[in-house]
Amino acid sequence: MFYYIVVINIVGLIVMGIDKWKAKHQHYRISEKMLFTISLLGGSLGTWLGMYVFHHKTKHWYFVVGIPCIFIMQLIGVYFILDKI
């Protein structure tokens with residue numbers, strides 16, 4: 001599970017970088033739905049970091065609010081799972 005979380009967060013970071021590159025070079029973009037899906041699958045920290053490392057999607061309120069909310073919900077979920085162990 002640890003390796004999955006590491007990999008999905010690296011994917012989130014890389015995908016934000018790729019989408020930023022595509023935006024600057026006017027190429028076909030990665031959908032916002034896909035960016036949120038990666039976050040929901042556990043890559044919220046990587047996506048969140050990617051937003052600020054690449055200065056991408058930081059003017060969209062639903063990313064600025066949504067991605068951190070997903071991350072916080074995931075932290076709460078991990079807390080409750082670990083609390084049961």
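What you see is a predicted model; the values in this text were computed from it and never measured. (Residues numbered from 1 in each chain as written. Predicted model: local features only at pLDDT ≥ 70, side-chain atom pairs only at ≥ 80, totals over all residues. Heavy atoms only, no water.)

### Overview of a nonpolar patch on the surface
A contiguous nonpolar patch, built from Phe 2, Tyr 3, Val 6, Ile 10, Ile 14 and Ile 18 and spanning about 630 Å² of accessible area, is present on the exposed surface. Its place among the elements puts Val 6 in helix H1 (residues 2–24). (Patch = residues over 30% accessible without salt bridge, like charges linked within 9 Å, V, L, I, M, F, W, Y side chains within 5 Å. Areas by Shrake-Rupley, 256 points an atom, 1.4 Å probe, with all protein chains shown as cover. Salt bridge = Lys/Arg side-chain N within 4 Å of Asp/Glu carboxyl O. Helix = DSSP H or I, 4+ residues; strand = E, 2+ residues; numbered from the N terminus.)

### As for the side chain of Ser 39
Secondary-structure assignment places Ser 39 in helix H2 (residues 32–53). When residues no more than four places from it in sequence are discounted, the contact partners of Ser 39 are Ser 44, Thr 47, Ile 67, Ile 70 and Gln 74. (Contact = heavy atoms within 4.5 Å.)

### Details of the nonpolar core
By size, the foremost hydrophobic cluster in this structure holds 11 residues: Ile 8, Val 15, Met 16, Ile 30, Leu 35, Phe 36, Ile 38, Met 51, Phe 63, Ile 67 and Ile 70. When contributions to this core are tallied by element, the ones reaching two or more residues are H1, H2 and helix H3 (61–84). Tallying contributions element by element places H2 first for this core, with four residues. Once you skip the residues sitting within four places of it in the chain, Phe 63 turns out to touch Glu 32, Leu 35, Phe 36, Met 51, Lys 57 and Pro 68. (Core = buried A, V, L, I, M, F, W, Y, C linked by side-chain atoms within 4.5 Å. Buried < 20%, exposed > 50% of the residue type's maximum accessible area, 1.4 Å probe, protein only.)

### What about the layout of surface pockets?
Approximately 470 Å³ is the volume attributed to the largest pocket. Around the largest pocket sit 17 residues that line it, and Met 1, Ile 5, Gly 42, Gln 74 and Val 78 are the ones nearest its centre. If you tally residues by element for the lining of the largest pocket, the top one is H3, at eight residues. Partitioned by chemical class, the residues of the lining of the largest pocket number 12 nonpolar, five polar and no charged. (1 Å grid on protein atoms, 1.4 Å probe; cavity = no way out; pocket = protein on both sides within 12 Å on 5 of 7 lines; lining within 4 Å. Points joined across faces, edges and corners; volume = space filled by probe spheres on them. Nonpolar A, V, L, I, M, F, W, Y, C, P; charged D, E, K, R; others polar.)

Bear in mind that shape data such as this cannot, by itself, settle questions of function.
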